[in-house]
Amino acid sequence: MSAPPVLSVVIPVYNEEAVLGELFARLYPALDALATAYEVIFVNDGSRDRSPALLLDQQQRRADVTRVILFSGNFGQHSAILAGFAHVRGEIIVTLDADLQNPPEEIHKLLAAYREGHDYVGSIRDLRRGDAWWRGAASKLLNRIRERTTRIKMTDQGCMLRAYSRRIIDLVNQTREVRTFIPALAYTFAMNPTEVVVAHAERAAGESKYSVYQLLRLNFDLMTGFSLVPLQMFSLLGMAVAIGSALTYLGLIAYRLLTLPPWDAFKALFDRDILEFFLIGMVLFGLGLVGEYVGRIYLQVRDRPRYVIDRVVETTAEFPPGATDITSASHLA
Ligand code: UDP
Ligand code: MG
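Note that the coordinates shown come from a computational prediction; the quantities given were computed from them, not determined experimentally. (Residues numbered from 1 in each chain as written. Chains lettered and ligands numbered in written order. Predicted model: local features only at pLDDT ≥ 70, side-chain atom pairs only at ≥ 80, totals over all residues. Heavy atoms only, no water.)

**Side note on the overall build of the protein chain**
The condition is simple: Helix and strand labels come from DSSP, where a helix needs a run of H or I of at least four residues and a strand needs a run of E of at least two; each type is numbered from the N terminus. Each radius of gyration is computed over the set of C-alpha atoms, and the globule rule expresses the reference value as 2.2 Å times the number of residues to the power 0.38. Three labels apply to residues, based on accessible area from a 1.4 Å probe with only protein chains included: buried if under 20% of the type maximum, exposed if over 50%, partly exposed otherwise in between. Any two residues whose heavy atoms approach within 4.5 Å at even a single point are treated as in contact. Values of accessible area rely on a 1.4 Å probe in the Shrake-Rupley scheme; residue burial ignores everything except the protein chains shown.
Secondary structure summary: the protein chain contains 12 helices and seven strands in total. In terms of overall dimensions, the protein chain is more spread out than a globule: its C-alpha atoms have a radius of gyration of 27 Å, far above the 20 Å expected for 333 residues. Seen along its three principal axes, the alpha-carbon backbone of the protein chain occupies a region of about 95 × 60 × 35 Å. A buried classification covers 41% of the 333 residues belonging to the protein chain. Contacts spanning at least 24 positions in sequence make up 81% of the contacts within the protein chain whose residues lie at least 6 apart. Here the protein chain displays about 18700 Å² of accessible surface, and carbon together with sulfur accounts for 61% of that area.

If you want it as structure tokens, here you go:
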């Protein structure tokens, strides 16, 4: 391959023999038209059809700009993209689905936004033709919940056509998460994210690889992957119940001591209902407490970078005071 590319396009492929021909026919001209050195990395996610053969054939045809990674089995779309990330050499990294739902002709819009200084360019599908209405409604609701619990702002989480800076991809490569949702993970590392509207088509051929169950799973991953709120809600609830019942218990005892004869009041200390209520509260709280620790373990094992440095400003021999550092000056502008 020739000089290192500026743009790297990563495409996960799983049983896409029906669309690959059209994808090649549209992707390469669209990329050539950008007049930017590029590379395409296809990751075959254990397809059981002719996809790998088609990819290898295409690699031969455009060996100057094409690389193919073959998985030994099906590890999922996000694992495939991560494998692509581990191999990209460009400074701008674009992800794209193989099925042409995101037209490759739209990549230039992402590039334009990137060159305006955004390090993360998400995309919003122009219209969701062909999707059942309940899918639209469900995704809106899930979007709302996600934004509330994770602080990740993404208008259209289902759209994989996105551009990332090299810095973000390096950070993504540093994390060691087992299941993740790449656009969200990358978003947490972005300094200047933006979104652009892109055209959206129906899948060109073949079938969606996601069932409703898998979509649900994906959203659980998203929520539990980026927020401890579900865990913490539990311990807060337990605490509320325990405190509430303890107060009621104390109040009741005080009331009975004041109003009942001593022996009856003493018996009332062992009021089963209120004790049970209290104990359930304690159990819930205990469970929540365990959850808090599990949450800490979870954060620890995930091993995400703890912070992200924009840049370090210092005066060194290379740039003594007074000398103008052109690059940082243009950054500040
Ligand atoms: N894909 C993959 N591994 C999988 C499932 C999907 O690499 O296990 C790829 C698939 O080939 C496509 C992209 O991920 O390029 C998105 O899949 P699909 O179009 O089926 O998802 P949908 O658009 O229906 O959400
Ligand atoms: Mg699709």
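**A closer look at the site of ligand 1**
We apply this condition: Here a residue is considered near a molecule or strand provided that any single heavy atom belonging to it is located within 4 Å of it. By the criterion applied in these results, polar contacts are pairs of N or O atoms within 3.5 Å in which, for protein atoms, one can donate a hydrogen and the other can accept it, and in which residues neighboring in sequence qualify only through two side-chain atoms. Three categories are distinguished: nonpolar for Ala, Val, Leu, Ile, Met, Phe, Trp, Tyr, Cys and Pro, charged for Asp, Glu, Lys and Arg, and polar for the others, with Gly belonging to the last.
Around ligand 1 sit 16 residues, and of these Glu 16, Asp 45, Asp 99, Ser 208 and Lys 209 come closest. A distance of 2.5 Å is found between an oxygen atom of ligand 1 and a side-chain nitrogen or oxygen belonging to Asp 99. With respect to ligand 1, the side chain of Gln 101 contributes an N or O atom lying 2.6 Å from an oxygen atom. Grouping the constituent residues of the shell around ligand 1 by class yields five nonpolar, five polar and six charged.

**Some details on the confidence of the model for the protein chain**
So the rule is basically this: Confidence scores per residue from the predictor, reported as pLDDT, run from 0 to 100.
Here the protein chain averages 84 in pLDDT, and 92% of its residues register 70 or above. Under a pLDDT of 50 for its full length, residues 325–333 has, in the predicted model, two contacts with residues more than four places off or in other chains.

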